[in-house]
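Coordinates in review
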Amino acid sequence: MAVTDADVPPPLLDIPKAKEKKYDRQLRLWGIGGQIALEETHILLINSGSGVTGVEMLKNLVLPLIHHPRLRCGVGGRSRCELLHGRCLAWQVPGSRDGHAITEPLETFITKDDVFSPYNLIVAAAPTHANILERIQTHSQTLHIPAFYFHSVGYLSSFSLLLPPAFPIVDTHPDSTATTDLRLLRPWSALSQFAKEKAEGLEDGTISAPDKAHIPWACLLLHYLEQWKQQHDGKVPNTYKEKSEFRNLVRAGDPNEENFEEAYAAVLKTLNPPTAPSAVREIFAAPETQQLDAASSAFWLIANAVAQFYAKHEQLPLPGAVPDMKAQSADYIMLQNIYKSKARDDCAEVVTSVRELEKQTGRSPKQAVDEKEVENFCKGAAHIHLVRGRPLQIAHAGQIIAFGDRAKAMASELNMPESLIGLHIAFLAWDEYVATHSTPASQAGGVGLKVPGSGADDFGIDTQRVTGIAHKIVDSLIKEAGTFVEDPEYSEVKDRVGKFCMEIVRAGGGELHNIASLTGGLLAQEVIKVITRQYIPVDNTCLFDGVASRTQVLRL
Amino acid sequence: MQRRDRGIAQSLGLLLTKCVKESRVLLVGAGGIGCEVLKNLVCCGFGSLSGTASSKKPGIVVIDLDTIDLSNLNRQFLFRKRHIKKPKAFVAKETASQFNPSVDIDAHHASIFDSQYNVEFFETFDLVFNALDNLAARRHVNRMCLAANVPLIESGTTGFNGQVQAIKKRVTECYDCNPKPVQKTFPICTIRIWAKSYLLPELFGTSEEESADVAVTEGDSADELAKLKEEAEALKNVRRMMGKSEFAQEVFNKVFHDDIERLRSMTEMWQSRKAPEALSFEGLKAGSETEIIEHGRTLAEQDQAVWSVQDDLAVFTYSLDTLSNRCLTGEKVIEFDKDDKDTLDFVASAANLRSHIFDIPLHSEWEIKQMAGNIIPAIATSNALTASLCVMEGFKILRSQLGSVGGKEEATLGGAKMVFLNSRSTERMITTQTLAPPKADCPVCSPVYAKLRLRNGEGGKATLQELVDLLKEKVGYDEFAITTEAGIIYDPDLEDNLEKPLKDYVTHGNGFITVSDEGDEAKVDLVLSTVAHSGEDAELQLLPDSIMLPYKPKRESPAETNGHAKEIRATPEVVAAPTTTSSAGAKRKREADEEAESVKKRVMASKSEVHVVDDDGAILLDDD
C-alpha cells in the first residue's frame, strides 16, 4: 500500500460525521490533532492599506475552520474595517460565524495592557507604524505568541515570521522515502534470527524455489551482509564502491527473482549507519534539553531522554515501520511484528527515562508527559526540527537597521544576481519611508500613514527617496559585515535594489489582487504550519517576485 | 477610473490593463482551483470590457459538470452549505459576480465534451484555463486549444503541491508532449477493486460495466479466465433473487464460500502460499436477519474502527439490503461513488471479508475510502496559490500578445514559465522552469490542425467517400488513412465503409478525425476538428479551403519546412526539430495509445480474481 505511516494521520475518533466529511480532504494531510489546533486558534489580523492580502489569508484560514479570526484594521477608519468584516463573513463557512471585526481606533486599542492575550497568533499588514510593530514584537516575545508581518505591493510581496526563540516540531512530515529505517547494519538478535531462518538453505540450494522467491528483501540483505562481513574482517560495506560491490553480490544470488531485484534496489537507500542527523544532535545539545526544570515543556524532557538513549545505544529509537516487500503474508506480518516490538521496547526505555527526569526535576504529576507523545517523538526522532525564532527588522525614521549575526551571510547574498535580498531591502526602505513621512497624528497608528508613490505626482521623487534609503541600507549592511564590494559589482548590487524600489513605488501601495491572493495563500499556509506544529515553517522571511514567479526564503 | 481598478492599472500598466479587460476567457472547471481562478479573474477585471458595444459577449465563460458536495466546502469558497447539490458553475457565477459587477460571467452546467463546445467555440477566446480533476478532460481541452490555436493554462494540485503550465501551439510543449505518470496504484487495492469494480457492478450495475482502474496482468491462464466467466454467470443468477429475504445469504455464500472453495480446489495455486479459507453465512451470523441489518446500520456509522468479520457480515448484509431497495425502487444502475455511503459500506465490508479469506489485514472504512475512491488530499491554500500562479501566467501571455515592448526581444510567451508549487518545502516553495519547445514527434501537437464543417451531425448526408474525395482534391493526398475515435475507418486497403454516412463516425459535433499519409514520402498528419452546422453552407467543407502539408521531418536530415508557412494558415511555422522519429514511429505511438485505451476498456472484472492472487505468487501487503 502506497499510503505509508508518514502519510496517514491518526484516526479521527471524536469528530461528528458531517464535519469529518467536510474536512475529509485536509484531515488526510494534518490529522485530527492539527484540526483541533486550528479550531482552537484565535488570530488577530491588523490589516492595513487596501487589505486584500489580509482578507485572502483569512479566507484561507476560515475555510479549514479557524473558529475565531479577529479582524483589526489599522488604516482606513471604521467603514473600511466594516467592509472587510463583511467580506470576511461572506467568505466564512457556516457554523463559524464568531469571527468579528474590531473597529476601535488602533492607537487606543493597542495601548491596553492585555490586548494581545486573547490571541495565539498575530498577523500585521504593512504599512504598520514602527511603534506598533515594536509593541507587537514585545508582546509576541513576552507571551511566546507567533507573529507575522507582511508586505504586498504590486507584483512583489514578502512576509516575516516572528517565532518564539525555541519552536520545536516533532511532526515534520518528511518525505515517505526518507522515513524507511530498517537498521540492517545493526540488526538485533530477533531480526538476525528471523533472517537466518528465512534464508535457510539458500546457499546450499536446499531451499524450494517458491520459498526462495519469497524471502523478504530485508532478510536477503541481512543474509548477504553476514556473508560480506565474513569476507571483510567483520566490516560492513561502507563506501559507495563497496556498496556497489555488495549490490552485485546480492543480485548474483538470483538475477531473475523480484525479491532479489528489490533487495538490489534497496542497498544504497537502506545500508546507512544509524547516526542521528546533525539537526537532531543539535537539539540534543541545546541548553533547553540539557538544563531541564519543573516547567520544561514535554518536548525538552523527551529530547533529553532520547539523547540519553542515543548516547547509550549510538542509535535513535526505532521507528518500527516496514515498507512493502514481496513476501508471504505470514512472513511479512512476522517481520512487521519484529520491528514493532523492537520499536515498543525502545519507546518503553525512553518512557522510563522520561519518568525518571520528571522525578528529578520535580515535575507535578498533573503535568506528566503523555506516553503517546513519547511514542510519536520516538517514531519521528530522526526528523524532529527546531526553529530558533528571530526578531523582526523594524525600520525607524533615520535609524540604522542592524543585521546582527546575519550580516555576513546577507552581505554575500547581495552579490548573487538571483537573490531576492534586494527585495527585502527595498521593503525595509519602503517601511522607513513610511516611518519618515507619517504625520504626528499617526505616531501611535491610525490614519495618516503615507506610502511611497501613492500621490498623483509622487512617482519620480518617491522612487529617488526610497532608492536612496535602500542604498543607505546596502552600505550599512556591507559595513556591518566588515566586507567590501567593489565596482562593477557594487553598482550592480545597487542597480538590482534600485529596480525593486522603483517597482514598489510604481505600484503606489496598491495591491494586485492576484498577487494578494497568492501572498494570502502563502501566509495562510505558514500560519497553518505554525498552529498545527506540523511541517517545517519558513525561517524566517519569504520573498516573492511575481514577475519571475519565484520565492526565496532568507534567514534574517 | 474606478477605485478597484487603480491598483490593477498601476501594477499592470494601462496597455496591459486594457488588454486584460477586453479579453475573453474560458474557465473549464469550477472546483478547488476553478473557484480561486474565477475570483482572481473577476477581481482583476478580466473580460469586463469584452466584445464591442454592439455585440457584447460575456467576458468569462465557466463550464463545470459537477454539483456541490459537502466535502468541497473546506476549500471551494464560493460555495455554502445551502448550495449542496446545486451545479457548481451556476453558484460560482452567482457568488463571484458580486465581487465585480462589471464582469459578465456566462455559466454552463455541462460537460466540456459536449458537441456545442466545438473548435469554433474555443476560437472565440483569448485564453483558456484548465481547472480540471481528470486526465481525459485535460487531454481533450489541450487538443481543442491546439485545434483552435488558443493559449491554454493547465494546472493541478495534490496536497501541498501544485503545478502550472502555459501551452501555446507551436511555441511550447503541449499537455500530451510528455507521457503522464500513471496514477499511483495500491497493490493491496486489488481487493478493493474486486469489490468496487467486479462485485458491485455485477450485482447492481450493467454487467459490462467497465472500470478504468483495473489493469491487466500478463500470463493469466485461460482456465482461470473461464472460471471467472462461470462465476460471473452464476452471480447473475443470484442477482435475480434480489428483494427476497435470502438474497444476502445467497450472495454471501456464492462469493465468499462457493467461489473460494472452487479457487481452493486449484491446489497448484496454493503450494507456496496459504490457501484461502471460505466463510459461510450461517457460520458467522449472529441473530436474525433484521437484527443483523440493524447491527450493520449502527456499525456503518463507525467508519474509523476496523470491523471484525462478524461486523463485516452485518455491514455487508445491511448495505446489500439498502442497495437492493434502491434498485427495486427504480434506480437502474448503482455505481461506486466514494461519496455514496451505501456503496462505500458495501465495498468496504466486501473487501474486508475477502481480505479475511486471504489472510490480509483488515482496514477501517475511512482508510478504504481513500484507497478505493482515489481521494486526493486537497486544501484551500494550495488551490489559492496555484490559481494565482495560473492568472499570473495569464497576464504574461496577454502581454506577449501586445507585441514586443521597447524593441526588446520578447521571451517565450511573455516570459511564461512552468511553475511548481511545493509549499511543504521551506526553501523552494515556488520555482520555475523554462517552457520547453514542442516535441516534434508528439502525436497530439505535431499534426496540422484544420476544421471540417459538416451539415448538422444527425441529419447530414455526406458519406465517407465524399470526405475521401475532398481530401484528395484539397490536400492532394494519394494514399492515406482516416482514423476516428472508433479506429481506422479508411485506408487504401479498407474501402468497405466508403458508402456509409460520415455521421456514423462523427456523432458529436466536436470530434477529431486524423488523416495520415501512407505514401512513401509521408506528409505530417492532418487532424480535422469537426464542427456541425445547420446553416446553408455546404454539406462538407474544409477550413481552410486548401491545405498544403509539409513532409514529416526525417531522422537523419531534418528538413527546413518553413516554406509553406505563408501560403496557408494551417501550416505550422516551425515544423522540424532535429530529433524526430519516422512517421511510422509516430503512428505506432498513436496506435499504442489507442491500444492502451482499448485494453483499458476490455479489461473487466474478469481479471480481478487473478489480481488478488496474481500468478507470480505474491500477495502484496500494506505496511499498516
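On a predicted model such as this, the values are computed, not experimentally measured, just so you know.

About the cut-offs
Residues numbered from 1 in each chain as written. Chains lettered and ligands numbered in written order. Predicted model: local features only at pLDDT ≥ 70, side-chain atom pairs only at ≥ 80, totals over all residues. Heavy atoms only, no water. Helix = DSSP H or I, 4+ residues; strand = E, 2+ residues; numbered from the N terminus. Buried < 20%, exposed > 50% of the residue type's maximum accessible area, 1.4 Å probe, protein only. Contact = heavy atoms within 4.5 Å. Areas by Shrake-Rupley, 256 points an atom, 1.4 Å probe, with all protein chains shown as cover. Phe/Tyr/Trp six-rings, centres within 6.5 Å; stacked < 30°, edge-to-face > 60°. Salt bridge = Lys/Arg side-chain N within 4 Å of Asp/Glu carboxyl O. Lys, Arg positive; Asp, Glu negative; His and termini not counted. Pairing = 2+ DSSP bridges. Axes fitted to C-alpha atoms, helices over the stretch in contact; angles between N-to-C directions. UniProt positions renumbered as here; feature names shortened; annotations may be inferred. Expected span 1.5 Å × (residues − 1). Arc of directions from axis to C-beta. Domains from an automatic or database assignment.

Once that is clear, we can look at the overall build of chain B. Each helix and strand counted, chain B has 18 helices and 14 strands in total. By residue count, 57% of the 624 residues in chain B fall in the buried class. In chain B, of all internal contacts separated by at least 6 residues, the share reaching a separation of at least 24 is 70%. Surface summary for chain B: the accessible area is close to 26100 Å², and the carbon and sulfur share equals 49%.

What follows covers the environment of A:His471. Residues and elements named next belong to chain A. Tracing the sequence through the fold places histidine 471 in helix α19 (residues 459–481). Separated by 22 residues in the primary sequence, histidine 471 and valine 493 have C-alpha atoms spaced 9.2 Å apart. Non-local contacts of histidine 471, meaning those with residues more than four positions away in its chain, are made with Lys494 and Gly498.

This part is about the packing of aromatic side chains. A complete count under the given rule lists 20 aromatic pairs over all chains for this structure. Between A:Phe284 and A:Tyr310 the ring centres are 5.9 Å apart and the planes differ by 45°, which places this aromatic pair in the tilted class. Pair noted here: A:Phe284 is in helix α12 (residues 278–285) and A:Tyr310 is in helix α14 (residues 298–313), with a separation of 26 residues, a long-range link. Grouping residues by exposure puts A:Phe284 and A:Tyr310 together as buried. Pairing B:Tyr117 with B:Phe121 gives two aromatic rings, centres 4.9 Å apart and planes at 55°, and the pair type is tilted. Comparing B:Tyr117 with B:Phe121, the two get one shared label, buried. Aromatic rings pair up to connect B:Phe204, B:Phe252, B:Phe256, B:Phe281, B:Phe316 and B:Phe346 into one cluster.

Residues and elements named next belong to chain A. A complete count under the given rule lists 39 salt bridges over all chains for this structure. Among the salt bridges present, the one from glutamate 257 reaches lysine 326, with a minimum N-O distance of 3.9 Å. You can see glutamate 257 sitting in the loop between α10 (240–253) and α11 (258–270) and its partner lysine 326 sitting in the loop between α14 and α15 (329–361), a full 69 residues away along the chain. Note on glutamate 257: relative accessible area 24%, which makes it partly exposed.

Here A:Arg550 shows up in strand β10 (residues 550–554). Of the side chains with opposite charge, A:Glu418 comes closest to the buried, unpaired A:Arg550, at an N-O distance of 4.1 Å. Sequence-distant contacts of A:Arg550, that is, excluding residues within four places in its chain, are made with A:Glu418, A:Leu420, A:Leu543, A:Phe544, A:Asp545 and B:Ile430.

This part covers the sheet that holds strand β14 (residues 540–543) of chain B. Residues and elements named next belong to chain B. Across the sheet, six strands lie side by side as β11-β10-β12-β13-β9-β14; this open sheet has mixed pairing. Each edge of the sheet is formed by a strand with only one pairing partner; in this case those strands are β11 (487–490) and β14. Taken pair by pair, the neighbouring strands of this sheet meet at an average axis angle of 30°, ignoring direction. As judged from the three bridges shared by strand β10 (residues 480–484) and β11, these two strands associate in the antiparallel manner. Each residue of the ladder has a partner; that of threonine 484, found in β11, is glycine 487. Contacts between helix α6 (residues 135–148) and the sheet are confined to β9 (448–455), β12 (512–517) and β13 (526–533), with β12 contributing the most and set at about 65° to the helix.

Residue and element names in this part refer to chain B. Mapped onto this structure's residue numbering, the UniProt feature "binding site: Zn(2+)" (unreviewed entry) falls at Cys174, Cys177, Cys442 and Cys445. Taken along the chain, the residues just named run across 272 residues; in space they keep tight, none of their C-alpha pairs more than 8.4 Å apart. Along the chain, cysteine 177 falls in the loop between β6 (161–167) and α7 (189–204). According to the relative accessible area criterion, cysteine 177 is buried, its value standing at 4%. Mapped onto the elements of the fold, cysteine 442 is located in the loop between β8 (430–434) and β9.

All names here are of chain A. Taking 1.5 Å per residue as the helical rise, α10 with its 14 residues ought to reach 20 Å, and the 20 Å between its terminal C-alpha atoms agrees with that figure. Turning to α10, its buried residues number three or more, namely Lys243, Ser244, Phe246, Arg247 and Val250. For α10, the angular spread of the buried residues around the axis is 160°, confining them to a single face. Exposed positions of α10 whose direction lies more than 90 degrees from the buried face are Lys241 and Ala252. Lining the buried residues of α10 we find α9 (217–231) and α11.

Moving on: the domain arrangement of chain A. Under the domain assignment used here, chain A contains domain 1 (5–171 + 514–554), domain 2 (182–270), domain 3 (278–328 + 338–387) and domain 4 (404–508). One C-alpha centre belongs to domain 2 of chain A, the other to domain 4 of chain A; they are set 60 Å apart.

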